[in-house]
Amino acid sequence: MECGLTGKPIDPFDRKLRQYLIMSMGSLSDERLRILFLDGGHRLIADEVLQSGSLAQLAVYPRTIFRRALELNAAGLILVHNHPSGDPNPSSEDIEATRRLDMIGRSLNIAIVDHIIVTSTYCHHIIKQEPAAGTPLPLSAFTLRSPGGPSQFDREDIALANARRAIRRRILRRQLIGTEELFGDPAWEMLVDLFIHECERKRLSVSALCVTASIPMSSALRLAQKLCDAGITRRVPDPIDGRRTFIRLEPVIAHRIRAYFETGFD
């Protein structure tokens, strides 16, 4: 049944797709999140289970979902998760999660085509059947502009967009060539990832930063320490969880990287 989906445009309401989802995950005893990654023509690139939960709930991590989508150069996603209870109706949390993922996807030009809830006998399409799920959330901020040339906010937006394009190109380059030890650039990748998070006003832990680098975790941890020793980054303890440490760019380095990406990307 899975082979019958390969190479063809995927319609969320296709009978074969619905049968495949019901057969493959409708009777599972715990909740799982499955992602169908689609190209620009809605053809299937990959079908992967990214996260697992318990009998009644499942935590969704947008970073994991969209990082994988960027690695695959996906243009669209079909989200699928099962309800072991047998009730196909979405919860308020299901609808809210769909809205938030849809908003994030819009900012990355990755469409959330649908979110399907699967039971042993039925599929419920959240985006197609729940109007509120497809309504993008309002932006939490707006921009004030002065007459004349580009504002500071414009330059920051340009720098962030160029940084995102740069790291995406590096991910795609590794995927295309497949020889990371020859074409990797882990220190720069880590700095760009840090810069993107700081532009988005998000904190990044040391362990999460090391996932970005195209080298083993132990080597990435040593490299992260070298960046701190060189005065390029600094560690910031988590005031809530003493076991976790965040990492930030030193202000002068962040300023230089912003100036670099305001003029273009590599």
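Below you will find a few notes about this structure. (Residues numbered from 1 in each chain as written. Predicted model: local features only at pLDDT ≥ 70, side-chain atom pairs only at ≥ 80, totals over all residues. Heavy atoms only, no water.)

**Observations concerning unusual backbone geometry**
Cut-off, in case you're wondering: Secondary structure is summarised from DSSP: a helix means a run of H or I of at least four residues, a strand means a run of E of at least two, and numbering begins at the N terminus for each. The cut-offs for exposure are 20% and 50% of the maximum accessible area for each residue type, with area from a 1.4 Å probe on protein chains only; residues under the lower value are buried, those over the upper are exposed, and the others partly exposed.
At His 42, a position not held by glycine, the phi torsion is positive, near 65°. With respect to the helices, strands and loops of the structure, His 42 is situated in the loop between strand 1 (32–38) and strand 2 (44–52). Overall, His 42 belongs to the partly exposed group, its relative accessible area being 31%. Even without being a glycine, Arg 201 presents a positive backbone phi close to 60°. Here Arg 201 lies in the loop between helix 7 (186–199) and helix 8 (206–212).

**As for the packing of helix 7 against helix 9 (residues 217–229)**
Definition in use: Helix axes are fitted only over the stretch in contact, all axes being lines through C-alpha atoms; the angle between N-to-C directions runs from 0 to 180 degrees. Angular relationships are summarised with four words: roughly parallel below 35 degrees, roughly antiparallel beyond 145, roughly perpendicular across 65 to 115, and oblique for the angles in between. Helix crossings fall into two classes, left-handed where the near helix is turned counterclockwise from the far one by less than a right angle and right-handed where it is turned clockwise. Contacts: residue pairs with any heavy atoms within 4.5 Å of one another.
Running from N to C, helix 7 and helix 9 cross one another at 70°; their axes reach a closest spacing of 11 Å. The angle between the axes of helix 7 and helix 9 places the two elements in the roughly perpendicular class. Taken as a pair, helix 7 and helix 9 cross one another with a handedness that is right-handed. Across the interface between the two elements, Pro 186, Ala 187, Met 190 and Leu 191 from helix 7 touch Ala 220, Leu 223, Ala 224 and Leu 227 from helix 9.

**Some remarks on the environment of Phe 261**
Structurally, Phe 261 can be placed in helix 10 (residues 251–262). Placed 104 residues apart in sequence, Phe 261 and Asp 157 show a C-alpha to C-alpha distance of 10.0 Å. Phe 261 has contacts with Ile 158, Ala 159, Asn 162, Ala 163, Ala 166, Trp 188, Val 192 and Phe 195, leaving out every residue within four places of it along the chain.

**Remarks on the pairing of strand 2**
Put simply, the test is: Any two strands are treated as partners once DSSP identifies two or more bridges connecting them.
Pairing between strand 1 and strand 2: seven bridges, direction antiparallel. When the sheet's bridge partners are listed, Leu 33 is paired in strand 2 with Gln 51. The turn linking strand 1 back onto strand 2 is made up of five residues, and His 42 within it adopts a positive phi angle of 65°.

**Section: the sheet that holds strand 4 (residues 111–118)**
Reading across the sheet, the five strands line up as 2-1-3-4-5 and stay open at both edges, with mixed pairing between neighbours. In the strand order of this sheet, the two ends are held by strand 2 and strand 5 (123–125), each with one partner. Taking the axes of each pair of neighbouring strands and ignoring which way they run, one obtains an average angle of 20° across the sheet. Both strand 3 (residues 76–82) and strand 4 contribute to a ladder of seven bridges, which runs parallel. Directly across from Leu 79, in strand 4, lies its bridge partner His 115. The sheet strands contacting helix 1 (residues 15–25) are strand 1, strand 2, strand 3, strand 4 and strand 5, and the helix crosses strand 1 at an angle near 145°. Taken strand by strand, helix 3 (residues 92–107) contacts strand 3 and strand 4, and its axis lies near 160° from that of strand 4.

**Some remarks on the nonpolar core**
We count it as follows: Residues belong to one nonpolar core when they are buried, are Ala, Val, Leu, Ile, Met, Phe, Trp, Tyr or Cys, and are joined through side-chain atoms within 4.5 Å.
Membership of the largest hydrophobic core comes to 27 residues, with the highest contact counts inside it found for Phe 195, Leu 249, Ile 257 and Phe 261. Mapped by element, the contributors of at least two residues to this core are helix 5 (152–177), helix 7, helix 8, helix 9, strand 7 (245–249) and helix 10. The element best represented in this core is helix 7, accounting for eight residues.

**Focus on helix 7**
The test is simple: To estimate the expected span of a helix, count its residues, drop one, and scale the result by 1.5 Å.
Taking 1.5 Å of rise per residue, the 14 residues of helix 7 would be expected to cover 20 Å, and the 20 Å separating its terminal C-alpha atoms lies within 8% of that figure. When you tally the buried positions in helix 7, you get 13 out of 14 residues, the bulk of the element. Looking one or two residues beyond helix 7, the residue adopting positive phi is Arg 201, at roughly 60°.

**Remarks on the pattern of salt bridges**
Note the following rule: By definition here, a salt bridge exists when the distance from a side-chain nitrogen of Lys or Arg to a carboxyl oxygen of Asp or Glu is within 4 Å.
What the rule picks out here adds up to 14 salt bridges. Two residues, Asp 30 and Arg 32, come together in a salt bridge whose shortest N-O distance is 3.3 Å. Classification of Asp 30 by relative accessible area gives buried; the value is 19%. For Arg 32, a relative accessible area of 30% gives the class partly exposed. Between Asp 238 and Arg 244 there is a salt bridge whose closest N-O contact spans 2.7 Å. Residue Arg 244 is classed as partly exposed on the basis of its relative accessible area, which comes to 38%.

**Comments concerning the side chain of His 125**
Here is the rule: In protein, a polar contact means a hydrogen-donor-capable atom and an acceptor-capable atom, both N or O and within 3.5 Å, with residues adjacent in sequence counting only if both atoms are side-chain atoms; elsewhere, any N or O pair within 3.5 Å suffices.
Following the sequence through the fold, His 125 ends up in strand 5. Within the structure, His 125 has its side chain in polar contact with the side chain of Arg 18 (distance 2.6 Å). A distance of 2.9 Å separates a polar atom in the side chain of His 125 from a polar atom in the side chain of Asp 114.

**Considering the environment of Ala 187**
Within the secondary structure, Ala 187 is located in helix 7. Sequence separation between Ala 187 and Lys 226 is 39 residues; the distance between their C-alpha atoms is 9.6 Å.

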